[in-house]
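Report on the structure
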Amino acid sequence: MDTKPQFINELSLPAIAAPMFLISGPQLVIECCKNGIVGSFPALNQRTSEGFEAWLIEIKTALSNFEKETGQKAAPFGVNLIVHPTNPRLEADVKLCVKHQVPIVITSLGAVSMVVDAIHSYGGLVFHDIIKKRHAEKAAEAGVDGLILVAAGAGGHAGTINPMTLVAEIKAFFHKTIILSGCISTGQDIASAMQMGADLAYMGTRFINTDESKATQEYKDMIIEAGASDVVYTAAISGVHANFLGASLKAAGITEEDLKKDTKIDFGKELDTEAKAWKTIWSAGQGSALIHDTLPVAQLVQSLKTEFKQAVTRQAQLLETYPK
């Protein structure tokens, strides 16, 4: 029996603005939630657990005020936790998620039942990033509520499997929430994700180019100028394979030889070594080829909704083309 959370039916669009390292902050999260889609951010975007808690309070207060002032219900927000032995803040940040009852916790690089149980203790949901079936099976055993299928071409720490195959393979045994990530830039892309069997679309790169993101103008301009072939897949930056804008690698002096080197994963250095690297070496997915502007979140969501409805309508009309 399929088990899907109620909030999905209350969104204005079946989409999550993905948590992006150094890019997602309270302003982006709040605007996404006010406009009816899930906003999220990585806990490590704040340098300390104290700062992380301050952001949680800021987001909760803003959304509570929005609901009181408008009578509208905001979409839930999410926090991304790196569940890896080298992340020294994991325990403290989990406790803060419990304290503030974060609605959705997105776990990466490890699905641990202890974390899942802690979030479930107050009714929170846990969605876990995966790039292959084996990771999905382990996450399912840990009791997660949903899986984020990071398919080929996604920005950040991405996989290499075609989204059609990945969705079908995971849905064969996992009957909870399926969230699809990878090259989703338009409302039509969201509709395509639903056609493949996803419950939600996971959009990162498209939300870099919003007024509310923390990305620099140079970063946003580089995304506008990039084509799909300008995105480079490498593990040389963080120790985990990820997609980066080739132009930013070149500007940082990264050579072809550098890209072949192995880098050890150590999220204990996430806030210094890697943060310094990611400030000048910019991540983006292949979907950047379809991004030609920078918009306020409200305008972007409205545009995505229009495109989504048009795509679904065209699909419905297509049924009339073929014999019954």
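Residues take numbers from 1 onward in each chain, read along the sequence in its written order. Under the rules for a predicted model, residues below a pLDDT of 70 receive no local features and side-chain atom pairs below 80 are neither given nor counted, while totals for whole chains, interfaces and linings still include all residues. Only heavy atoms go into the side-chain values, all of them from the structure, while hydrogens and water stay out.

**Considerations on the pattern of salt bridges**
Take a side-chain nitrogen of Lys or Arg and a carboxyl oxygen of Asp or Glu: if they are within 4 Å of each other, that pair is a salt bridge. Enumeration according to the criterion identifies seven salt bridges in this entry. Where K34 meets E31, a salt bridge forms, and the shortest distance between an N and an O atom there is 3.2 Å. Here E31 and K34 lie together in helix α1 (residues 26-34), a separation of three residues that amounts to about one turn. Residue burial is assigned from relative accessible area. The probe radius is 1.4 Å, only protein chains are included, and a residue is buried under 20% of its type maximum, exposed over 50%, and partly exposed in between. A relative accessible area of 31% places K34 in the partly exposed class. Numbering of helices and strands runs from the N terminus, with a helix taken as a DSSP run of H or I at least four residues long and a strand as a DSSP run of E at least two residues long.

**Here we look at the packing of aromatic side chains**
Only Phe, Tyr and Trp rings are paired, with Trp represented by its six-membered ring, and only when their centres lie within 6.5 Å; those with planes under 30 degrees apart are stacked, over 60 edge-to-face, the remainder tilted. Tallied over the full model, the rule gives three aromatic pairs. Seen from their ring centres, F41 and W55 are 5.5 Å apart, and the 70 degrees between their planes marks the pair as edge-to-face. Of the two residues, F41 is situated in strand β2 (residues 38-42) and W55 in helix α2 (residues 49-70); the sequence distance between them amounts to 14 residues. Using a relative accessible area of 11% as the deciding quantity, one classes W55 as buried.

**Quick word on the pairing of strand β10 (residues 242-245)**
Judged by which residues are buried, β10 turns out to be covered on both faces: A242 and F244 on one side and N243 and L245 on the other are all buried. At least two DSSP bridges between two strands are required for those strands to pair. Two elements, strand β9 (residues 231-234) and β10, share four bridges in a ladder whose sense is antiparallel. When the sheet's bridge partners are listed, V231 is paired in β10 with L245.

**Focus: helix α13 (residues 297-318)**
A helix is expected to reach a length of 1.5 Å times the quantity of its residues less one. Here α13 is 22 residues long and its end C-alpha atoms lie 31 Å apart, about the 32 Å a rise of 1.5 Å per residue gives. The set of residues buried in α13 consists of V297, L300, V301, L304, K305, F308 and A311. One side of α13 carries all its buried residues, which in axial view fall inside an arc of 135 degrees. In this structure, α13 carries K309 and Q317 as exposed residues pointing more than 90 degrees from its buried face. Contacts are assigned to residue pairs that have any heavy atoms within 4.5 Å of one another. Looking at the packing, one finds that the buried side of α13 touches α1, α7 (187-196), β8 (200-203) and α8 (205-208). This arc corresponds to the set of directions leading from the helix axis out to the C-beta atoms.

**Points about the environment of K60**
Along the chain, the position of K60 falls in helix α2. For the pair K60 and A17, spaced 43 residues apart in the sequence, the C-alpha separation amounts to 17 Å.

**Quick notes on the environment of N45**
Structurally, N45 can be placed in the loop between β2 and α2. Taking C-alpha positions, N45 is 24 Å from D145, a pair spaced 100 residues apart along the chain. Non-local contacts of N45, meaning those with residues more than four positions away in its chain, are made with M20, F21, L22, I23, S24 and W55. Each polar contact in these results corresponds to two N or O atoms within 3.5 Å; when the atoms are within protein, one needs to be able to donate a hydrogen and the other to accept it, and residues that are neighboring in sequence are counted only if both atoms are side-chain atoms. Side-chain polar atoms of N45 contact the backbone oxygen of M20, separated by 3.1 Å.

**Notes on the side chain of R206**
Within the element layout of this structure, R206 appears in helix α8. Of the polar contacts made by the side chain of R206, one reaches the backbone oxygen of D293; its length is 3.0 Å. Setting aside its immediate chain neighbours within four residues, R206 contacts I184, S185, I291, D293, T294 and L300.

**Examining the side chain of T107**
Here T107 lies in strand β4 (residues 104-108). A distance of 2.8 Å separates polar atoms of two side chains, one belonging to T107 and the other to H128. Not counting residues up to four positions away in its chain, the partners in contact with T107 are N80, L81, V83, V115, V126, F127, H128 and D129.

**Regarding the packing of α1 against α2**
Axes, fitted as lines to C-alpha atoms, cover a helix only where it is in contact. Angles between the N-to-C directions of the axes lie from 0 to 180 degrees. At a minimum axis distance of 10 Å, the contact between α1 and α2 shows a crossing angle of 30 degrees. Viewed along their axes, α1 and α2 adopt a mutual orientation that is roughly parallel. Crossing hand, α1 versus α2: right-handed. Note on element contacts: α2 touches α1 through W55, E58, I59, A62, L63 and F66, opposite P26, V29, I30, C33 and K34. Gly is put with the polar residues, along with every residue not named as nonpolar or charged; the nonpolar set is Ala, Val, Leu, Ile, Met, Phe, Trp, Tyr, Cys and Pro, and the charged set is Asp, Glu, Lys and Arg. Broken down by class, the residue content of the contact of α1 with α2 amounts to nine nonpolar, no polar and two charged. Here roughly perpendicular refers to angles of 65 to 115 degrees, roughly parallel to angles under 35, roughly antiparallel to angles over 145, and oblique to all remaining angles. Crossings are assigned a handedness: left-handed for a near helix turned anticlockwise from the far helix by less than a right angle, right-handed for a clockwise turn.

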